[in-house]
Amino acid sequence: MSLSGNAEFMRRAIALASENVRTGAGGPFGAVIVRDGSVIAEGVNCVTRTNDATAHAEVTAIRAACLALGRFALHGCEIYSSCEPCPMCLAAIYWARMDRIWFANTQADAARIDFDDAFLYREIALPLSERAIPAAMMLHDEAWESFQLWRESPTKTPF
């Protein structure tokens, strides 16, 4: 993978973000996934259009790339995002195992237009008992069965 980003791919991510706002389709976020110098997938923020809180640009691009390549791992791919990925999108990028992240606007820029991820970063660092949304473990012993089945499965596809 390159050590410097490709400005045309970033311009495409920015153009997708701007067009998404101009058309009223969603928030000002666009993403492009590139493999071997070619765009394999694009995504825009579709949260309000689809009523799906997870439909951020990076996630929609990852879904499209996985579909296009027929696999869940995106080794060999880079993502160009019009904004620094939020915690959810950053996690999705890591789970997809991409090689590199390029972004244009920063978290601070997003906060200036009321997309503030700082709260989420703070929440993740807190113990469960101190988070804004209460969380507690239950039925751990019963739930372990599915993990044990996975551990022993000869047909599993490792993540």
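Residues numbered from 1 in each chain as written. Predicted model: local features only at pLDDT ≥ 70, side-chain atom pairs only at ≥ 80, totals over all residues. Heavy atoms only, no water.

Enquirer: Describe the sheet that holds strand β1 (residues 30-35), listing the residues and the values that go with them.
Expert: What the 4 strands build is an open sheet, ordered β2-β1-β3-β4; its pairing is mixed. Two strands bound the open sheet, and with one partner strand each, they are β2 (38-44) and β4 (100-105). Averaged over all pairs of adjacent strands, the angle between strand axes in this sheet comes to 15°, irrespective of strand direction. Helix-sheet contacts for helix α3 (residues 57-69) involve β1, β2 and β3 (77-83), and the interaxial angle to β2 is about 140°. (Pairing = 2+ DSSP bridges. Helix = DSSP H or I, 4+ residues; strand = E, 2+ residues; numbered from the N terminus. Axes fitted to C-alpha atoms, helices over the stretch in contact; angles between N-to-C directions. Contact = heavy atoms within 4.5 Å.)

Enquirer: For the side chain of Asn-20, give the residues involved together with the corresponding values.
Expert: Relative to the helices and strands, Asn-20 resides in helix α1 (residues 7-22). At 2.9 Å, the side chain of Asn-20 and the backbone oxygen of Gly-27 are in polar contact. Those residues within four positions of Asn-20 in sequence are excluded, and the remaining contacts are Ala-25, Gly-26, Gly-27, Phe-29, Val-44 and Asn-45. (Polar contact = N/O pair within 3.5 Å; in protein donor to acceptor, adjacent residues only side chain to side chain.)

Enquirer: Which residues make up the nonpolar core, and what values do they have?
Expert: Membership of the largest hydrophobic core comes to 17 residues, with the highest contact counts inside it found for Ile-33, Ile-62, Leu-74, Ile-79 and Met-98. Among the secondary structure elements, those contributing two or more residues to this core are β1, α3, β3 and α4 (87-96). With 5 residues, α3 is the largest single contributor of residues to this core. Those residues within four positions of Leu-74 in sequence are excluded, and the remaining contacts are Ile-33, Ile-62, Ala-65, Cys-66, Leu-69, Ala-96, Arg-97 and Met-98. Within the second largest apolar cluster, 11 residues are counted, among which are Met-10, Val-34, Val-44 and Cys-46. (Core = buried A, V, L, I, M, F, W, Y, C linked by side-chain atoms within 4.5 Å. Buried < 20%, exposed > 50% of the residue type's maximum accessible area, 1.4 Å probe, protein only.)

Enquirer: How would you summarise α4 if you had to cite specific residues and measurements?
Expert: Among the residues of α4, those classed as buried are Pro-87, Cys-89, Ile-93 and Ala-96. Residues of α4 that are buried sit in contact with α3, β3, β4 and α6 (118-125). Phi for Arg-97, located one or two positions after α4, is positive at around 65°.

Enquirer: Which residues make up unusual backbone geometry, and what values go with them?
Expert: Leaving glycine aside, a negative phi is the common case for residues, and trans is the common case for peptide bonds. In the Ramachandran plot, Arg-97 falls in the positive-phi region, its phi being about 65° despite a non-glycine side chain. On the secondary structure map, Arg-97 appears in the loop between α4 and β4. Positive phi, normally seen in glycine, also occurs at Asp-114, with a value near 75°. For Asp-114, the position within the fold is in the loop between α5 (107-112) and α6.

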